[in-house]
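# Geometric and topological summary
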Amino acid sequence: MHDLAQQIVSGLAQGSIFASLALALVLIYRAMGIINFAQGELAMFTTYIAWQLVQMGVPIWIAFALTVMAAFAGGVALERVVIRPVERANQLTVVIVTLGLFISINGLAGWFWGYIVKAFPTPFPTTPLQIGGVAFSAQDVGVIVVSVVTLGLISVFFQKTKLGLAMRAAALYPEQSRVLGIRVGWMLALGWGLASAVGAISGIMIAPVVFLDPNMMQSVLVYAFAAAVLGGIESPIGAVVGGLVLGVVINLLGTYVDWIGNELRLAAALAIIVVVLLVRPAGLFGRVTVQRV
Amino acid sequence: MTSPLRKAAAGIVAAAFTLTVTGSTIAPASAADPGVSDTEIVLGGTHPYSGPASAYGNIGKGIGAYFSYINDKGGVNGRKIRYIDKDDGYSPPQAVQLVHQMVEQDKVFAIFDTLGTAVNTAIRPYLNQLGVPHMFVATGASTWGHDYQKFPWTIGWQPDYQAEAILYAQDVLQTNPKAKIGVLYQNDDYGEDYNAGLKRGLGKHSDMIVKMASYETSDPSVGSQISTLKASGADTFMIFATPKFAIQALVLAAQQSWHPKIYLNNVSNAIPYMNAAAKAGGQVAVNGVITTIYLKDPANHARYAGDAGMKLYNEIMTKYLPSADKDDGNYLYGVSIAYTMCDVLRRAGKDLTRKKVMDIATNLNERDNPWAYPGVVIRTSPNFRYPITQMIAAKWLGTDWSPSGLLVDTRSMSMAEK
Amino acid sequence: MLTRVAIAVAVIAIVPWVVPSFLVFDLIYVASYAIAILGLIILTGMNGQISLGHGAFMALGGYVVAVLAHTAGWPYWLCVPLAAVASGLAGLLIGLVALRLAGVYLALATFSLAVATPSFLKHYKSITGGFGGMSLQPVQAPAGVPLDGQHWLYYVAWAVAGILFLLSALLVRGQFGRALRALLDNPIAAVSFGVNPYFYKTAAFGWSAVLAGIAGGFYAIPTAYVSPDTFTSALSITLLIGAVLGGISTFWGALVGGIVVEFLPLVAQQINAAAPSVVYGVALILVMMFLPDGIVGGLLRLVHRFRRAPPQPVLESSTPSAAPVAVPSRASSAVEE
């Protein structure tokens, strides 16, 4: 079934887009316990910075590296300036702050760069590839590879490095961590920096496919959110797997189930996720916590 | 009930009673039309300046720039134009509230260039009921021209989507009567209008359509739809999509090695978009694509190098919107439609009334719009309310649209009232 | 507290005579928002269940009113209660599902509802009119009432709001409210005292959905039009913003929240017409930074500071500094690791 194979491959390609942003969402959630609504817009904004650099003649991979570093710094700064004052408040307050960031960053990007859709150079070769009649591009493979590599780096960082351990401790047991001398506030800022950096990677990977405009990430955000939850909101592996699975499922549902068609694809996918959550409340890879009520 | 609650209830009842006794109504409209003074004409409009449709906000900015230009030259018949332009976020309830304010508080003379089919459908009954001109709405839905008997104060401007699709249908019938047509369309009234036009244009041959695939504006990418369309064996591809998705469609088709004959709706044919598609998908993605044109493209510097209209556009943009990207066709759409508005106001003369303005707008014969494609005449009659019906077909060759043939007037194809 | 209510009632009654007519129109929408936000205050503020999807219930209510009025020709006073019933049932259903989800998972599930709503509305086009939407008749005052349609609708909307606020106050005053709060603050203790979480949590969802459904009716009627574009996910976000900005721990927060979400975008445009979103977003951030408990929360804190004595226990609020956290904290959920 050639067409099925093609749809699956398209689904993986789309899913990898979700996966890369979902990774960033998971990182913030692990650090702070909230969903950062502004994650997509931050990714979009940093992608515009990359675009600007390329326009100015900087080679794409260098622009990539510079942007990721700038995103890291920006994330740290954002956390210290905007999030820190409301850190201690209840989590809904923080969510509203991220919504405020979402709205203003989106407006800012439109103001600076306008709304004409722009092409974003792909760091990968553009020749279309084919295996057994199924077409895809090096970009598609590239996104998956980059996401997996990023995932690997993050996992190694958190599991094997002292800093990663400190960050995990600060997120889970802030008071005890302070006693041990960990600067909890700065760990949070680092978490934001990391998430923003991953977001920048995500944006740069996505932009060549969906094309760059200020609203580029909004459609991705919903799916990324869903993918993160499906995979287990605290699990980076879950984010990537969840994203890929979601991409494929949506494609297949929309193509082969007539009464769903394209219109109800998202609704159907989300319904499936809700069902999964009912069965496994912590998602596919999440750790089940027991609350006896 | 406990005592405090009883007191509260009593308070409510008392308040309600006093009010029904007093009571009032809105004062009836005064005899002279509002929004016109010796020195000024007040117009109102809404555009999305926030939210997903914000790109179209630039139309409003273009209009503002043109009005500033006119005002600096003395205005229209000695009156300056004040355009109250607000953000409706593409939300009908928001637009309704803003329009109420413009009519009742700001006392505008007319509502001009409100954007979006849903928005305009929502405000249309109110404006028509009060006799406020609802002029040159920024959407190509066929209903503005079709339903004028019910809503005589409303008029559109840009070519309606159905007529455009009919044109493509006719081209297919003439050039490839055995074609198999695949359609990508946006799943809303805009896409639906195109589909309706395509089917009408194909007439009894509408079975040439082998596959229709829709997308939502909330979809990140149309990869799946392209795969489906390719798998259907279609050799002709209609793209009824807004720019972002149209570009994706062109690129993905090329990447999936699908090379049908492509018809692209004119909403998405601006040169920056074609260039973006070429960059990402190679020349093969864009060569031979067919579209229609009715306005000049400000990004086409080569073609319009010596063009007086484009020169004026650049001057206006430089002076009044210096930091804007002049290549954005939305600004050009704005100045162009503002030109028509000023044209109508000018012809109405010193004695400006709403009725007179509508009469002129429905008897238009504007030949000198600096930004309409050369030869396009903006024309209406009391029974025919589609101001722009002429387009020229064009094919993308290399780096530019190459117009082919003559201007086609889709006048007979537009849905004149049944 | 009663004086405050009386003052509010008086202000609401008098306002249409002193402000321009278009503002009266806008205030109808404030009533609609206030009703919906009240639902969120009960559900999220008191009971800790986050909903990012209450716009979906507004859509349901709005469309029930539209379909009945447009297709069947029923009068609005009949349609709105039916809308309430429909959204109440939907709320109970969603509430049952919500029992198994918490925190961010519930947020996603409800957000999915909001995102999927326009798709559903478009899909069932034979009922909903698809993307063309449906037009409604503008409201006329009944014979004998010397008010124009708009003023009449204003009073009806606010009278209904008043009744709903009253009913909600009665509801949460007694056992129901205590149960909701107990389930948020200390669920284990609550259950050991015999509080049935399934009943109360589902009921809270149902009641908040009823409120949102009625609000949806009063959102559609003044617009005299419904379409899928009217009920996007942005609406659900707006409701949450209103609840938190207003003050999620008190009923007054619903009133303030409604005013804020209605007028803040307009104010933002005055400040910067070119990029109103930037102003709006920055305003949200600043308000949260300086008034993390919302505007009402902040005001109460101020009053607190000026009075040495603790404030009178107000019917509907806990003291501001103990504003219930709406999200179960991560620390407690990770406890088993």
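Residues numbered from 1 in each chain as written. Chains lettered and ligands numbered in written order. Predicted model: local features only at pLDDT ≥ 70, side-chain atom pairs only at ≥ 80, totals over all residues. Heavy atoms only, no water.

## Here's the deal with the pairing of strand β12 (residues 390–397) of chain B
Residue and element names in this part refer to chain B. The criterion, for reference: Only protein chains enter the area calculation, which uses a 1.4 Å probe; residues under 20% of their type maximum are buried, those over 50% are exposed, and those in between are partly exposed. To qualify as a helix, a DSSP run of H or I must reach at least 4 residues; to qualify as a strand, a run of E must reach at least 2; elements of each kind are numbered from the N terminus. Two strands pair under a simple rule: DSSP has to find at least two bridges between them.
A large share of β12 lies buried, amounting to six of its eight residues. Note that strand β9 (residues 290–293) and β12 share four bridges and pair antiparallel. The partner of I290 across the bridge, within β12, is K395. The pairing of β12 with strand β14 (residues 408–409) spans two bridges and is classified as antiparallel. The residue bridging Q390 from the neighbouring strand is D409, located in β14. Bridging between β12 and strand β13 (residues 400–403) involves four bridges; their strand directions are antiparallel. Its bridge partner lying in β13, A394 is registered against P403.

## Digging into empty space enclosed by the protein
This is how the line gets drawn: Put plainly, a pocket is an open set of points on a 1 Å grid over the protein atoms alone with protein on both sides within 12 Å along at least five of seven lines, a cavity is a set where a 1.4 Å probe fits but cannot get out, and a lining residue has an atom within 4 Å of a point. Grid points are joined across faces, edges and corners, and a volume is the space filled by probe spheres set on the points. Three classes are used, and their members are as follows: Ala, Val, Leu, Ile, Met, Phe, Trp, Tyr, Cys and Pro are nonpolar, Asp, Glu, Lys and Arg are charged, and the others, Gly among them, are polar.
Under the defined criterion, the tally for this structure stands at eight cavities of 30 Å³ or more. Counted as a void, the second largest cavity has a volume near 140 Å³. In terms of lining residues, the second largest cavity is bounded by 15 residues, among which I35 and V95 of chain A together with I50, V104 and A107 of chain C are the most central. Contributing elements (two or more residues each) for the lining of the second largest cavity: α4 (91–113) of chain A together with α5 (103–123) of chain C. Each residue belonging to the lining of the second largest cavity can be placed in one class, and the counts come to twelve nonpolar, three polar and no charged.

## Focus: helix α12 (residues 329–348) of chain B
Residues and elements named next belong to chain B. As a reminder of what qualifies: Here the expected length of a helix is defined as 1.5 Å per residue gap, with one fewer gap than residues. In protein, a polar contact requires one atom able to donate a hydrogen and another able to accept it; more generally it is a pair of N or O atoms within 3.5 Å, and residues adjacent in sequence count only if both atoms are side-chain atoms.
With 20 residues, α12 should reach 28 Å at 1.5 Å per residue; the first-to-last C-alpha distance of 29 Å fits that figure. The backbone nitrogen of N330 has a side-chain oxygen 3.0 Å away, supplied by the residue at the start of α12, namely D328. Backbone geometry just after α12 places G349 at a positive phi near 80 degrees.

## Details of the confidence of the model for chain C
All names here are of chain C. Counted only if it meets this: Predictor confidence is given residue by residue as pLDDT, running from a minimum of 0 to a maximum of 100. Contacts are residue-level and defined by heavy atoms, with any inter-residue pair within 4.5 Å sufficient.
Summarising the model, chain C shows a mean pLDDT of 87, and 91% of its residues fall at 70 or more. Every residue in residues 316–337 is under pLDDT 50, and counting partners more than four places away or in other chains gives 50 contacts. Interface confidence in the predicted complex, given as ipTM, is 0.89; pTM for the same model is 0.88.

## A short note on the interface of chain A and chain C
Quite often, the size of an interface is put as the accessible area lost when its parts meet. The line we're drawing: Accessible-area loss on putting two parts together, using a 1.4 Å probe and summing over both, is the definition of buried area adopted here. Within this document, salt bridges are pairs made up of a side-chain nitrogen of Lys or Arg and a carboxyl oxygen of Asp or Glu, the two lying within 4 Å of each other.
With 54 residues of chain A in contact, the opposing surface of chain C contributes 54 residues. Summing both sides of the interface, chain A and chain C together bury roughly 4600 Å²; the carbon and sulfur share of this comes to 74%. One can count zero salt bridges joining chain A with chain C. Applying the counting criterion to the chain A and chain C interface returns two residue pairs in polar contact (both at pLDDT 80 or more). At the level of elements, α1 (2–32), α3 (60–83), α4, α6 (162–172), α9 (216–231) and α11 (265–279) of chain A are the ones that each hand at least two residues to the side of chain A that touches chain C.

## Things to note about helix α10 (residues 197–223) of chain C
Residue and element names in this part refer to chain C. Over its 27 residues, α10 runs 39 Å from end to end, which matches the ideal 39 Å to within 8%, given 1.5 Å per residue. For α10, the buried fraction is high: 24 of the 27 residues fall into the buried class. Of the residues that open α10, the one with a side-chain oxygen 3.0 Å from the backbone nitrogen of Y198 is N196. Among the residues trailing α10, A224 stands out with phi positive, at a value near 60 degrees.

## Focus on the packing of α1 of chain A against helix α10 (residues 236–256) of chain A
In helix packing, the relevant descriptors are the interaxial angle and the interaxial distance, both defined with respect to the helix axes. Short version of the rule: Fitted lines through C-alpha atoms serve as axes, helices being fitted only where they are in contact, and the angles separating the N-to-C directions of these axes extend from 0 to 180 degrees. Each helix crossing is assigned a hand: it is left-handed if the near helix lies turned anticlockwise from the far helix by less than a right angle, otherwise right-handed if that turn is clockwise.
Close contact between α1 of chain A and α10 of chain A brings their axes to 5 Å; oriented N to C, the two are set at 145 degrees. When the axes of α1 of chain A and α10 of chain A are compared, the crossing they make is right-handed.

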